[in-house]
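# Descriptive analysis of the structure
If you want the building blocks of each chain, they are given just below.
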Amino acid sequence: MDRLWGFSRMALLLLAASFVVSCAWFGDDEEEDEFAGLSTEEQFYQRALDQLTNQNFRGAISTYEALESRFPFGRFAAQAQIEIVYAYYRSGDREAARAAAQRFIRLHPDSENIDYAYYMLGLSSFDDNSGFLDRFVPIDPTKRDPGRTEESFNDFSQLLALYPDSPYAADARARMIFLRNNLAAYEIHVANYYLERRAFVAAQRRAQYVVENFQGTPAVADAVAIMVECYLRLGLNDLADTSLALLRENYPGHPAIDESGEFVIRTEISDPSLLYTVSFGLLGDNRGDPPLAPTERPPMSGSEQIIDSQQAPEESGRSFLSIITFGVLD
């Protein structure tokens, strides 16, 4: 019985090995059929270039890879490595395009196409934020995770720092302005989130970060308005007055300022109901209408009130009897 079991195991192993070998031969035959008639490096490159021109990007990627595997040190190898970046990008594989661009930069730092590699590196991250649903559902890009936005901004800034006279510099600079505006708007969304949940210190810090690091963006006006409200909520009236004067001077038409020039304090906050929470926002409501205390500017800050309350009362005149009896008799 053991001998029979051993023969069966041997037969199964031989069958599996033959299946693997046949699959390998079949794959090689497919590859040979795909590149039949191509023998020189120039023929492979011309085939890939024709496929790229005819927008057969998947075919071009396959041909570029075959060219590099057969002629890794040929005269078309470096050109194939930069052109495959574009093929990956147009095929929709943004991550592969980034990897191919990074590989080209690492292998050919002195190439005349190095600026193009940096440009494609930033462009791949720039377009990687958009998905299939974006074609049908309007999604605010400023509410997305800013990771790819920051990555693209840094890649474009590196291109401008290293190759300011590159033909791709103008387009990279315009895209950086767009990305910077989006990064500032994202910080405003986060600040509003904290403000609606009465985390005034966190909201103020986010808004201040926008004012200090994103000057010239449209989000600065909203950041100053958030700072005014946070200072009012915290009782920091001097800072609130300074920020409000800045808002009036530079952004007189901001919605946070009414017709009389007074600051409009919010009274609506996020207050999700239990039904809204358990249904992930499909049912119920997440808006409440309770006032955010204080809704009016306090006459003095909280610290001043504490200091005033702790001041020692002035001593009134004491009689001689009270003095000699240590206050027992008056």
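Throughout what follows, the structure given in this document is the object of discussion. (Residues numbered from 1 in each chain as written. Predicted model: local features only at pLDDT ≥ 70, side-chain atom pairs only at ≥ 80, totals over all residues. Heavy atoms only, no water.)

## Concerning the pattern of salt bridges
- In the structure shown here, the tally under the stated rule is 10 salt bridges.
- A salt bridge links Glu 42 to Arg 75; the shortest N-O distance between them is 3.5 Å. Pair noted here: Glu 42 is in helix H2 (residues 41-53) and Arg 75 is in the loop between helix H3 (57-70) and helix H4 (77-91), with a separation of 33 residues, a long-range link.
- Taking the relative accessible area as the measure of exposure, Glu 42 reaches 45% and is therefore partly exposed.
- A residue is classified by how much of its surface remains accessible, and Arg 75, at 64% relative accessible area, is exposed.
- A cluster of three or more residues bridged by salt bridges with shared partners is formed by Glu 95, Arg 98, Arg 148, Glu 151 and Asp 155. (Salt bridge = Lys/Arg side-chain N within 4 Å of Asp/Glu carboxyl O. Helix = DSSP H or I, 4+ residues; strand = E, 2+ residues; numbered from the N terminus. Buried < 20%, exposed > 50% of the residue type's maximum accessible area, 1.4 Å probe, protein only.)

## Details of the packing of helix H6 (residues 114-126) against helix H7 (residues 147-162)
- In the contact formed by H6 and H7, the axes pass within 7 Å of each other and the chain directions differ by 160°. As far as their axial angle goes, H7 and H6 are roughly antiparallel. H7 is crossed by H6, and the crossing has left-handed handedness. The residues of H7 that touch H6, namely those facing Asp 115, Tyr 118, Tyr 119, Leu 121, Gly 122, Leu 123, Ser 125 and Phe 126, are Arg 148, Glu 151, Ser 152, Asp 155, Phe 156, Gln 158, Leu 159 and Leu 162.
- Per-class residue counts for the contact of H6 with H7 are eight nonpolar, four polar and four charged. (Axes fitted to C-alpha atoms, helices over the stretch in contact; angles between N-to-C directions. Parallel < 35°, antiparallel > 145°, perpendicular 65-115°, else oblique. Left-handed = near helix turned anticlockwise from the far one by under 90°. Contact = heavy atoms within 4.5 Å. Nonpolar A, V, L, I, M, F, W, Y, C, P; charged D, E, K, R; others polar.)

## Some remarks on the nonpolar core
- Membership of the largest hydrophobic core comes to 41 residues, with the highest contact counts inside it found for Tyr 64, Tyr 88, Met 120 and Phe 156.
- Broken down by element, the residue count for this core peaks at nine residues, all from H6.
- In this structure Phe 156 touches Tyr 119, Gly 122, Leu 123, Phe 126, Ala 172, Arg 175, Met 176 and Leu 179, once residues within four positions along its chain are discounted.
- Residues Ile 188, Ala 225, Leu 244 and Leu 247 belong to the second largest nonpolar core, which totals 28 residues. (Core = buried A, V, L, I, M, F, W, Y, C linked by side-chain atoms within 4.5 Å.)

## Describing H3
- With 14 residues, H3 extends 20 Å from end C-alpha to end C-alpha; this agrees with the ideal 20 Å at 1.5 Å per step.
- The set of residues buried in H3 consists of Phe 57, Gly 59, Ala 60, Ile 61, Thr 63, Tyr 64, Ala 66, Leu 67 and Glu 68.
- Residues of H3 that are buried make contact with H2, H4 and helix H5 (94-107). (Expected span 1.5 Å × (residues − 1).)

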